[in-house]
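What follows is each chain in one-letter form.
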Amino acid sequence: MDDILKPRPAVERMTAYAPPTAGRAGKLRLDFNENTVGCAPAVLAFLHEKLDAETLAIYPEYGAARAELAAHFGVPQSELLLSNGTDEAIQLLINTYVDAGDEVIILEPSYAMYRFYAELGGARIREVHYRAGTLAFPLDELLEAMSDRTRAVFISNPNNPTGTAVALDVVEQIARHVPSAAVLVDEAYYEFCGVTALPLLDRCRNLFVSRTFSKAYGMAGMRLGCLLSNDRNLAFVGKVHSPYSVNILAALAARAAIRDAGYVGRYVKEVLAARETLSHGLKAMGIPFHNSAGNFLLIEMGDDAVGVRTALSAAGVLVRDRGREIKGCVRVTVGTQEQMERFLDVLRMIWPKADQEGTERPLQS
């Protein structure tokens, strides 16, 4: 029919992204790599102190948040941009540097929003896959895939869902290999691995780094991210940035969150210890898994993956099925020691192969 309103071809071609986010409250949330205990009490107290009717009635002001966050990251304010989660930072890079038909390189499997916004922008996507079996970072394959047609490269470090980490010299090699492309290093899980590409921003003028408050800081509901690069790059990105995309609650909460470094430090320490607890438990049950530099483990359950996920959900334990990307795999967020013991207790009741010897996949970087 001639009167049907049609979307852009890029939108028609897209597959809708529908994460399983409903009905999660009150359950053991090991499915989205969130902080499993919540944000620091100081964040809630600061919001209670600062919020009033007038604050909510006016458009947000970011001066104090930008100043404190820039100091926290050790960069000038001109090298920091606040975004509505890392998702908006990804979209901003696409909008700034990628025209319809341009080439974007995405590692697979990785964070779904890289593909989402690249497809929305009408980009031509070139995939480079993590190496089969080990899930090692495919540096040679990535360098070979790059060309003068490449306009953007997206790298998650550590990578979700594989847990794979890359060293800074590898990041620098990639950025220098494609000087005409925007290279984003997504450091959503930085707090758990401690490796950051921020020191490379002065040497690699096409490099961007993103951070989020959705993981270690326990503020996924606030939707706050940060995009960092040199001031010239961010001046261009700022042109396509909506002036009020970050809400005032997120801007206030971030200030309180970075002031309470002890809270995040204690939580990260607990998670790293609990990751060892989970690893040992899986080995004892004969369940193969991949080492991880993040707050999650990718676990191989073969043909039992869907059934195990369903049984865990029925017991109030949520994990993420990643079988579409890596057959037979589920991803389990690492929380506290107590939470990992609970997960293992439930898993022992439903796992049919507990008498086999465990297998660990070494982390490749």
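Parameters and conventions
- Residues numbered from 1 in each chain as written.
- Predicted model: local features only at pLDDT ≥ 70, side-chain atom pairs only at ≥ 80, totals over all residues.
- Heavy atoms only, no water.
- Helix = DSSP H or I, 4+ residues; strand = E, 2+ residues; numbered from the N terminus.
- Rg over C-alpha atoms; globule rule 2.2 N^0.38 Å.
- Buried < 20%, exposed > 50% of the residue type's maximum accessible area, 1.4 Å probe, protein only.
- Contact = heavy atoms within 4.5 Å.
- Areas by Shrake-Rupley, 256 points an atom, 1.4 Å probe, with all protein chains shown as cover.
- Lys, Arg positive; Asp, Glu negative; His and termini not counted.
- Charge placed at Lys NZ, Arg CZ, Asp CG, Glu CD.
- Axes fitted to C-alpha atoms, helices over the stretch in contact; angles between N-to-C directions.
- Left-handed = near helix turned anticlockwise from the far one by under 90°.
- Nonpolar A, V, L, I, M, F, W, Y, C, P; charged D, E, K, R; others polar.
- Pairing = 2+ DSSP bridges.

Participant: I'd like to hear about the overall build of the chain, residue by residue, with values.
Facilitator: Within the chain one finds 14 helices and 13 strands. For the chain, the C-alpha radius of gyration of 21 Å lies close to 21 Å, the compact-globule estimate for 365 residues. Principal-axis analysis of the C-alpha atoms gives the chain an extent of 60 × 55 × 50 Å. Within the chain, buried positions represent 53% of all 365 residues. In the chain, once contacts between residues fewer than 6 apart in sequence are set aside, the share between residues at least 24 apart is 74%. For the chain, the accessible surface area stands at approximately 16400 Å², while carbon and sulfur atoms represent 52% of it. On the chain, the mean spot of the 38 positive side-chain charges and the mean spot of the 44 negative ones are 0 Å from each other.

Participant: Run through the packing of helix 5 (residues 85-97) against helix 6 (residues 112-120), naming residues and quoting values.
Facilitator: Two elements in contact, helix 5 and helix 6, have axes whose closest approach is 9 Å; the angle formed by their N-to-C orientations is 35 degrees. Handedness of the crossing formed by helix 5 with helix 6: right-handed. From helix 5, Asp87, Ile90, Gln91 and Ile94 reach across to helix 6, where they touch Met113, Tyr114, Tyr117, Ala118 and Leu120. Considered class by class, the residues forming the contact of helix 5 with helix 6 number seven nonpolar, one polar and one charged.

Participant: Now, about the pairing of strand 11 (residues 317-321): what can you tell me, with residues and values included?
Facilitator: In terms of residue burial, strand 11 counts as a mostly covered element, since four of its five residues are buried. Note: strand 1 (residues 28-30) against strand 11, three bridges, orientation parallel. Each bridged residue has a counterpart across the sheet, and for Leu30 the counterpart in strand 11 is Val319.

Participant: Explain the sheet that holds strand 3 (residues 103-108) to me, and be specific about the residues and the numbers.
Facilitator: The seven strands are arranged 2-8-7-6-5-3-4 in an open sheet whose pairing can be described as mixed. Lying at the two open borders of the sheet, with one neighbouring strand each, are strand 2 (80-83) and strand 4 (124-129). The average undirected angle you get between the axes of adjacent strands in this sheet is 20 degrees. For strand 6 (residues 182-186) and strand 7 (residues 207-212), the ladder comprises four bridges, and the chain directions are parallel. Opposite Asp186, over in strand 7, you have Ser210 as the bridge partner. With respect to the sheet, helix 4 (residues 63-73) is in contact with strand 2, strand 7 and strand 8 (225-228), its orientation differing from that of strand 2 by roughly 120 degrees. The sheet strands contacting helix 8 (residues 168-177) are strand 5 (150-156), strand 6 and strand 7, and the helix crosses strand 6 at an angle near 160 degrees.

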